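# Survey of secondary and tertiary structure
So the chains spell out like this:
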Amino acid sequence: MLAMDVDQAVLVRTRVPRADADRHGAEFRTGRRTYKQQFNQMYYQRLAVLQPFVRQQAQQKWEEGAQTAVRWTERVLNVEGPATTYIIGTVFIDTAAKPSTLAQVEESRWITDPPPPASYRGADEQVFLEDESGRIRLVGPLVRGATLASGVVAAVLGRETPDGDFEAADVCFAGMAPQRPRVVDDTQDKFVALVSGLRATVDCPVSLEMQLLAEFLVGDAGGAADQRMSAQIVQTVVVGGVMVVPEAPVGRTEDAKANDRGPVQQLVAEVDAFLADIAAAMPLTLLPGGTDPTDVALPQQPLHPGMFAACRRYAEFRSTTNPAYFEVDGTVLLASAGQNVDDLARYAVCGETPCELAAASLQWRHIAPSAPDTLWCYPFTQHDPFVMRDAPHVYVVGGQVAPDSGLATGADGQETRIVVVPEFAAAHTIVLLNLRTLECTPVHVTGLPA
């Protein structure tokens, strides 16, 4: 327990019962990875799971109560004639802007990944809907202006054109997954501190802002109001981007300095000590991100426990996957370091915000639909773990520019609070999530509220 004197009163940190860490912990664990299998099985599994839900939504939207009966054409290649119908399949968007790994290897012999384009979509784009029978091209104003991404399972209403394309008039998706009731403690406010993008480096392992952040979280910074708020923080979640480790030299090099991994070891040790100060005061959950020393393909596996000798002394320190599900005081959170939403932003055509893209992902019932087309992921063959089987109460997206929040709602009363967390290294801002109300409060650590 953490206690301190504030205005001659003793503040004791609020605690919550420890949730079953393994209930959601195995959702994205892959064990030993092998990339010998093909990715097409992942698409088949995704379509097989989501098609019944999309079909149900399409029936409710286009069949029940419609003045003119609309039938479902079960295979996209069986569409015939000008009669209005709807088809279900997986969206595939093809443009010249999309990266091609094979072309990069053939043309440039890339050693590291080139920077991704600002947008995958453009005037030359072709949008297809495909299933096990084949693919058909979607055309029309709706397609050009819709929020879509490769890998989204959708139902499209329309008719065949004389050219053999499918002119889309409307579209619908699986909708939000079922959601279990949330257990709410109305007696007091409890906060989860959401941090992303610390980006500790060899040159600056622990910045001044990081030190101030740790002092605020443990209750050593600010005035009486800050310390009272700190005492109500029941858990800290670091949502990716913990450190930036320089790449090891490729092959042999005569430069002894380039081969020296001592600075990296020192970086890891100092980050471990920094995190341990927080873990000593409260439960700490750690997700990897795009710059962290783990595999880059989603789902990223937990940062190796050997990196956190000091943190592991505390029973409620947890290094988990990215993305990850976990539960805090009856509230189920889904957290992502942000690579999935960053990739969806490259498909956006209407300036959608990260919050809006995350909400669309919930309606698609899929965390990372653009994987494996434009987002690296492990080639699962038996299932697609990114399909949302249950809607979380809170969806946290890290690694963004500015804090934001919104509410996604489902047809059956589901409500998911979306929380966008900025990179701390740039914004020096964290977000406090109130578990009682699900309201979000950004906190700028260089100017804590009085």
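Structure: see above.
What you see is a predicted model; the values in this text were computed from it and never measured.

With that settled, consider the overall build of the chain. Looking only at helices and strands, one finds 10 helices and 19 strands in the chain. Within the chain, buried positions represent 50% of all 450 residues. A sequence separation of at least 24 residues applies to 72% of the contacts in the chain between residues at least 6 apart. For the chain, the exposed surface amounts to about 20600 Å²; the carbon and sulfur share of it is 50%.

Now for unusual backbone geometry. As a rule of thumb, non-glycine residues mostly have phi less than zero, and peptide bonds are mostly trans rather than cis. Cis geometry marks the peptide bond from asparagine 322 to proline 323, where omega comes out at 0 degrees. Looking at the element boundaries, proline 323 is found in the loop between β12 (317–319) and β13 (324–328). In the segment running from alanine 371 into proline 372, the intervening peptide bond is cis, with an omega of 10 degrees. Looking at the element boundaries, proline 372 is found in the loop between α9 (354–364) and β15 (394–400).

Considering the arrangement of structural elements, one finds serine 230 in helix α5 (residues 224–231). Of the residues examined, serine 230 reaches a relative accessible area of 1% and is grouped as buried. Residues within four places of serine 230 in sequence aside, it is in contact with Arg13, Phe216, Leu217, Val218 and Gly219.

Turning next to the state of the cysteines. One pass over the structure, following the stated rule, counts 0 disulfides. There is no disulfide at cysteine 440, and the cysteine sulfur nearest it, in cysteine 355, is 9.1 Å away. By relative accessible area, which is 23% here, cysteine 440 ends up partly exposed.

A word on the sheet that holds β15. Read from one edge of the open sheet, 5 strands run β13-β14-β15-β17-β16, paired in mixed fashion. The open sheet is flanked by β13 and β16 (404–409), the only strands paired with a single partner. Across the sheet, the mean angle from the axis of one strand to that of its neighbour is 25 degrees, orientation sign disregarded. Where β15 lies against strand β17 (residues 415–422), 5 bridges are found, and the strand directions are parallel.

A few words on helix α4 (residues 208–218). When we look at burial in α4, the residues that qualify are Glu209, Met210, Leu213, Ala214, Phe216, Leu217 and Val218. Once α4 finishes, glycine 219 follows within two positions and takes phi at roughly 95 degrees, a positive value.

Adjacent strands of a sheet form backbone hydrogen bonds with each other and so pair up, either parallel or antiparallel. Within the open sheet, the 6 strands sit side by side as β12-β11-β10-β9-β18-β19. Their pairing is mixed. Whereas interior strands pair on both sides, the edge strands pair on one side only; in this sheet they are β12 and β19 (440–444). For this sheet, the mean inter-axis angle between neighbouring strands, taken without regard to orientation, is 20 degrees. Sheet topology places strand β9 (residues 191–195) next to strand β18 (residues 429–434); 4 bridges connect them, and they run antiparallel. Across the sheet, alanine 193 pairs through a bridge with leucine 432, a residue of β18. Strands in contact with α4 are β9, β10 (233–239), β18 and β19; relative to β18, the strand with the most contacts, it is inclined by about 20 degrees.

This brings us to the packing of aromatic side chains. Applying the stated criterion across every chain, the model contains 8 aromatic pairs. Measuring from ring centre to ring centre gives 5.9 Å for phenylalanine 28 and tyrosine 325, while their planes differ by 10 degrees; the resulting arrangement is stacked. Note that phenylalanine 28 is positioned in the loop between β2 (9–12) and α1 (40–63) and tyrosine 325 in strand β13, a separation of 297 residues in sequence. For the pair shown, phenylalanine 28 and tyrosine 325 are each scored as buried. Note on tyrosine 378 and phenylalanine 380: the rings are 5.1 Å apart at their centroids and 80 degrees apart in plane angle, and the pair reads as edge-to-face. Each of the two residues, tyrosine 378 as well as phenylalanine 380, counts as buried. Aromatic rings pair up to connect Phe28, Tyr325, Tyr378, Phe380 and Phe386 into one cluster. Lying over the aromatic face of phenylalanine 128, arginine 135 brings its terminal NZ or CZ to 5.0 Å of the ring centre. Sitting over the ring of phenylalanine 53, arginine 365 keeps its end group 4.2 Å from the ring centre.

Taking burial as the measure, the 8 residues of β17 include 7 buried ones, the bulk of the element. Connecting β16 to the next strand, β17, in antiparallel fashion are 5 residues, including glycine 413 with a positive phi near 90 degrees.

Within the largest apolar cluster, 54 residues are counted, with the highest numbers of intra-cluster contacts made by Val91, Leu129, Ile367, Phe386, Met388 and Tyr395. Broken down by element, the residue count for this core peaks at 6 residues, all from α9. With sequence-adjacent residues up to four places away left out, methionine 388 is seen in contact with Ala177, Tyr325, Leu334, Ser361, Leu362, Arg365, His366, Ile367 and Tyr395. If you look at the next biggest cluster of nonpolar residues, it comprises 40 residues, including Val238, Val271, Leu286 and Ala310.

So, on to the environment of tryptophan 364. Examined against the element boundaries, tryptophan 364 turns out to sit in helix α9. For tryptophan 364 and leucine 50, which are 314 residues apart along the polypeptide, the C-alpha to C-alpha distance reads 9.0 Å.

Cut-offs applied
Residues numbered from 1 in each chain as written. Predicted model: local features only at pLDDT ≥ 70, side-chain atom pairs only at ≥ 80, totals over all residues. Heavy atoms only, no water. Helix = DSSP H or I, 4+ residues; strand = E, 2+ residues; numbered from the N terminus. Buried < 20%, exposed > 50% of the residue type's maximum accessible area, 1.4 Å probe, protein only. Contact = heavy atoms within 4.5 Å. Areas by Shrake-Rupley, 256 points an atom, 1.4 Å probe, with all protein chains shown as cover. Disulfide = S-S within 2.5 Å. Pairing = 2+ DSSP bridges. Axes fitted to C-alpha atoms, helices over the stretch in contact; angles between N-to-C directions. Phe/Tyr/Trp six-rings, centres within 6.5 Å; stacked < 30°, edge-to-face > 60°. Lys NZ or Arg CZ within 6 Å of the ring centre and 35° of its normal. Core = buried A, V, L, I, M, F, W, Y, C linked by side-chain atoms within 4.5 Å.

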